[in-house]
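Chain and residue survey
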Amino acid sequence: MSNDAAGRQTRFIVLLAALVALGPLSIDGYLPGLPDLAGDLRASAAATQLTITACLAGLAIGQLIAGPLSDTYGRRRPLLAGLALYTIASALCAVAPDVRTFVGLRLVQGIGGAFGIVIANAMVRDRTSGTRTARLFSALTLITGLAPVFAPVLGGQLLRVTAWPGIFVALAVLGAVILAASAAGLPETRSSASREPLLAVVGQLLSDRVFTGYVLANGLVFAAMFAYISGSPFVLQEIHGLSPQQYSAVFAVNAAGLIAAAQISGRLVARAGARVLLLAGLLGATAGGTTVLAAVLTRAPLPALLIGLFVLVSSVGLVMPNAAAQALADHGGHAGSAAALLGFSQFMIGGALAPLAGAGGATDALPMGIIVAVLPALALLTLGVLTRSMPGERTRRPARQGPAGHRRPRRHIDRRRAGIQ
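Residues numbered from 1 in each chain as written. Predicted model: local features only at pLDDT ≥ 70, side-chain atom pairs only at ≥ 80, totals over all residues. Heavy atoms only, no water.

Scanning all chains against the criterion turns up 2 salt bridges. Between Asp71 and Arg75 there is a salt bridge, with the nearest N and O atoms lying 2.9 Å from each other. Here the two residues Asp71 and Arg75 agree in accessibility, since each one is buried. For Arg75, the salt bridge identified is with Asp126, shortest N-O distance 2.7 Å. Of this pair, Arg75 sits in the loop between helix H3 (45-73) and helix H4 (76-93) while Asp126 sits in helix H5 (residues 99-127); the two residues are 51 residues apart in sequence, bridging distant segments of the chain. A relative accessible area of 0% means that Arg75 is categorised as buried. You can call Asp126 buried: its relative accessible area is 9%. (Salt bridge = Lys/Arg side-chain N within 4 Å of Asp/Glu carboxyl O. Buried < 20%, exposed > 50% of the residue type's maximum accessible area, 1.4 Å probe, protein only. Helix = DSSP H or I, 4+ residues; strand = E, 2+ residues; numbered from the N terminus.)

Below you can see the structure in the form of structure tokens.
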């Protein structure tokens, strides 16, 4: 690869990383300013929490909008429109007069940010295939793991020099910078447009049990991580007595494990195959979740619980990039819609199941233990049932489209599903 080509590839990856980071930054970046925000907007605790929920809902809904639009009109135009929407909504959040307006703007901000996430994933599928896809998804998973850790830290530093509206001004500036960079340097990666009705595309995707298996497995493991995020502050601080600083250190160590696993996945995928690494991640998440549940049931010392949580969270770094690569592998013709369903499932399954981790309040860790043990095991079972080969399937299923729209021989698809790259 020439220096110019390598430079273009690097800029492409950096822009994709910035796009996928917008969502986590929007969710977590303003958390240090929540108390001041509640006071300034005269908001109750419930209304303040709703500002987080609204952004999560926007990120889920926006992906369902962005994916089909990018399949129909190409990647660039919907992406630039979504980034413009994100930038405007972020700026308006800084001057919201009341909490109701702020919640509505957070919903719009999430929708705009979702365009970056889903179209970045679709662009990966447009430009790569096989192990290169899994390797690039591993790099993006690194950003997904880093952004939630550093977003509150960056927000806290901003609060040293400004009030909470300044965080949203900073997000608006970031959105504008990414918008300008994308307009100037991000190529159109969609070679042809799809004019199929949205419902037909979604029906086609969901009727593919292999695709559905990867999507559900990914969503269930992501929900287990959500349950850890929502339940661990109470379990570790209220039950086990960790200070906020100690809890932050535990959170950072677990995030480092996720990042390391994603990087290891990127290095090993060419030799081991995406499916093998995905299965390893699911087995690791199941082992970690089971260890957490056993530690809770036996009232084991804190180190046993921490080890289980570390294995659980680290395993997500193997699951996410390889599940995404496998799910999108056979759907180059509808990569935007496929990426949208993949991302939507993460937020919807996670948002629906993660709150159950707090069912025991601040004094009972059992609900969290059950959820983080059951969901990865269910993901492993789902993957095994839905993605196994069925008699006669090789001759019945037509060849799918490759990255450039060319038909791919059936044997290549079968090898990829078997994890042979």
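That covers the picture; the talk isn't over yet.
Counted by the stated rule, this structure contains 8 aromatic pairs. Judged by centre distance (5.7 Å) and plane angle (85°), the ring pair of Phe102 and Trp164 falls under edge-to-face. You can see Phe102 sitting in helix H5 and its partner Trp164 sitting in helix H7 (residues 164-185), a full 62 residues away along the chain. The burial state of Phe102 is the same as that of Trp164; both residues are buried. Each ring, one from Tyr228 and one from Phe251, has its centre 6.0 Å from the other, and the planes form 15°; the classification is stacked. Highlighted residues: Tyr228 in helix H9 (residues 209-239) and Phe251 in helix H10 (residues 244-272), separated in sequence by 23 residues. An identical accessibility class is assigned to Tyr228 and Phe251; each is buried. Among the aromatic residues, those joined into a ring-pair cluster are Tyr30, Phe102, Trp164 and Phe168. The aromatic ring of Phe12 is capped on one face by Arg127, whose charged end is 4.4 Å from the ring centroid. (Phe/Tyr/Trp six-rings, centres within 6.5 Å; stacked < 30°, edge-to-face > 60°. Lys NZ or Arg CZ within 6 Å of the ring centre and 35° of its normal.)

Bear in mind that shape data such as this cannot, by itself, settle questions of function.
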